Amino acid sequence: MKRRGTYSIMSAAMILLLVFIMAGCGTQADSGSSTGSQTASSSTDAGTASQEETASASASQTKSFTDSNGTKEIPVEAQRVFSISATTQLLALGITPVGGLQYEIDQDYYLKNAASEVEIAGDYPPNMEAVTALQPDLIIASSFVESDVIEQLEKIAPTVIYPWEDNLYDQLRYIGDIVGKKAEEWITKHEAKAAERKAEMSNLVGADQTVAAVEIFKDSFQVAGTRNMGFVLHDLLGLKRMAWVQEEVDKSDGFVVYTEPQSLEKLPEITADYLIIKVNDTQPGSTEFYEKMQESSLWKNLPAVKNGNVFIVPHDKWWSYTLFSTDALLDEAVELFKKHNQK
């Protein structure tokens, strides 16, 4: 009897199980499209969540980076970068910084379009409260920033120093390494353009003719060396420097922003065949000093002045040493000499 009862119980259980299975199959068959939609939706939701998690993980991941101040941990993919003299480089790499400083952005003719997108956190030194309010996850600063300023910035976010003394291309490469972007595409295009403009310029200015780019201040003048407009004219376009300026460059291992300030009495040393004059009109008294210079017999006897080879260029377009200004001045410089030769 026990065995028979056991079989009966087992049979009943089997029947119930079959009923449940059939009921389940029937429900799935009847609402198959609905279940499929839910499955797809769940899959999509899972995919979206996965992407968000990946992005979040990338933003939170760090890497070790060594600059002149040592090794530090910085974001692999920084989302909010604050810039101190790195704005042009970041923009060239496809990154718009969340903030920067007035002296760099508002005064740069070539950053006018970016000014509406980049918050200004004071002038130099930075307004630390304004920088903090922008919640940067990375700060990139030039090597001319003082150590006490860097210490304050590091309390806000990881701060990396790039070597300002490097040339523009190496600056871009260095900053590209910081943010994980390739610099070579921009550099390759720019070098190709520079080579084209250099070839054009060789047809406009003789190989033995010299060119001097001179900045006028309120009581002195300086000749551009290997940075700013000097970089464009001499290093990229191949125009010959005056001998004494070249000597200064050679003695300084190729790094001369401008020569030492020169007084009016030093004008006879400006023996260049061509003069490019930029009056620093942001400094009161500069325009008056240039007017006084022009009245001098020393000025009137300069070779370039006597031959009518003097170009006046605007300060706002020609003063800075950035990727964008350099790129634009390649065109500006060639046009100056083209128009001059057409007279």
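Preceding this paragraph is the structure being described.
(A) Summary view of the overall build of the chain. Secondary structure assignment for the chain yields 15 helices and 11 strands. Looking at the chain residue by residue over its 343 residues, the buried ones come to 41%. Look at the contacts in the chain between residues 6 or more apart in sequence, and 61% of them connect residues 24 or more apart.

(B) Structural detail: empty space enclosed by the protein. A full pass over the atoms with the stated rule returns 1 cavity of 30 Å³ or more. What the largest cavity holds in volume is close to 40 Å³. Looking at the largest cavity, the residues that line it are Val-214, Ile-216, Phe-221, Leu-267, Ile-270, Leu-275, Ile-277, Met-293, Trp-299 and Leu-302. Broken down by secondary-structure element, the contributors of at least two residues to the lining of the largest cavity are β8 (211–216) and β10 (274–279). Among the residues making up the lining of the largest cavity, the classes are represented as 10 nonpolar, no polar and no charged.

(C) Looking closely at the pairing of β8. The element β8 is extensively covered by neighbouring structure, given that 6 of its 6 residues are classed as buried. Residues of β8 alternate between two faces, with Val-211, Ala-213 and Glu-215 on one and Ala-212, Val-214 and Ile-216 on the opposite face, all of them buried. Pairing of β8 with β10, which is carried by 6 bridges, proceeds in the parallel orientation. Residue Ala-213 lies in a different strand from β10, and its bridge partner there is Ile-276. By the bridge criterion, 3 bridges tie β8 to strand β9 (residues 221–223) in an arrangement that is antiparallel. From the neighbouring strand, Ile-216 faces β9, where its bridge partner is Phe-221. Remark: 4 residues form the turn of the hairpin made by β8 and β9, two consecutive strands paired antiparallel.

(D) Quick look at the layout of surface pockets. Approximately 460 Å³ is the volume found for the largest pocket. Considering the residues around the largest pocket, the lining is formed by 19 residues, among which Ser-85, Tyr-103, Trp-164, Trp-319 and Tyr-321 are closest to the centre. Contributions of two or more residues to the lining of the largest pocket are made by α3 (87–92), α4 (102–105) and α7 (168–179). Partitioning the lining of the largest pocket into residue classes produces 9 nonpolar, 8 polar and 2 charged. A volume near 160 Å³ is recorded for the second largest pocket. Considering the residues around the second largest pocket, the lining is formed by Gln-107, Glu-215, Phe-217, Asn-228, Tyr-258, Lys-278, Asn-280, Thr-282, His-315, Asp-316 and Trp-319. Considering only residue class, the lining of the second largest pocket consists of 3 nonpolar, 5 polar and 3 charged.

(E) The sheet that holds β9, seen in detail. In space, the 4 strands of this open sheet follow the order β9-β8-β10-β11, with mixed pairing throughout. Edge positions in the sheet fall to β9 and β11 (310–312), since each of these pairs with one other strand and no more. When the angles between neighbouring strand axes are averaged without regard to direction, this sheet yields 25 degrees. Along the sheet, helix α9 (residues 228–236) makes contact with β8 and β10, crossing β8 at roughly 170 degrees.

(F) Fine view of the pairing of strand β2 (residues 70–75). One ladder, built from 6 bridges, connects strand β1 (residues 62–67) with β2; its direction is antiparallel. In the strand pairing of β2, Lys-63 is matched with Ile-74. Linking β1 back to β2 in an antiparallel pair, the connection comprises 2 residues.

(G) How the structure looks around the nonpolar core. Membership of the largest hydrophobic core comes to 49 residues, with the highest contact counts inside it found for Ile-140, Ile-178, Met-201, Ile-276 and Phe-337. Elements with a minimum of two residues in this core: β6 (138–142), β7 (159–162), α7, α8 (184–202), β8, α9, β10 and α15 (323–342). The element contributing the most residues to this core is α15, with 7 residues. Of all hydrophobic cores here, the second largest spans 21 residues; its members include Ala-212, Ile-216, Val-223 and Ile-277.

Basis of the calculations
- Starting from 1, residues in each chain are numbered consecutively following that chain's sequence as written.
- Owing to the predicted nature of the model, reporting of local features is limited to residues with pLDDT of at least 70; listing and counting of side-chain atom pairs is limited to 80 or more, with chain, interface and lining totals taken over all residues.
- Computation of side-chain values covers all heavy atoms of the structure but excludes hydrogens and water.
- Helix numbering and strand numbering both begin at the N terminus, where a helix is a DSSP run of H or I of at least 4 residues and a strand a DSSP run of E of at least 2.
- The cut-offs for exposure are 20% and 50% of the maximum accessible area for each residue type, with area from a 1.4 Å probe on protein chains only; residues under the lower value are buried, those over the upper are exposed, and the others partly exposed.
- When checking whether two residues touch, look at their non-hydrogen atoms; a contact exists if any pair is within 4.5 Å.
- The pocket and cavity definitions rest on a 1 Å grid over protein atoms only: a 1.4 Å probe that fits but cannot leave marks a cavity, an open set with protein on both sides within 12 Å along at least five of seven lines marks a pocket, and residues lining either have an atom within 4 Å of a point.
- Grid points are joined across faces, edges and corners, and a volume is the space filled by probe spheres set on the points.
- Three classes are used, and their members are as follows: Ala, Val, Leu, Ile, Met, Phe, Trp, Tyr, Cys and Pro are nonpolar, Asp, Glu, Lys and Arg are charged, and the others, Gly among them, are polar.
- A pair of strands is considered paired only if DSSP assigns at least 2 bridges between the two.
- Only C-alpha atoms enter the line fits that serve as axes; for helices the fit covers just the stretch in contact. Angles between N-to-C directions range over 0 to 180 degrees.
- The definition of a nonpolar core used throughout is a set of buried Ala, Val, Leu, Ile, Met, Phe, Trp, Tyr and Cys residues joined through side-chain atoms within 4.5 Å.

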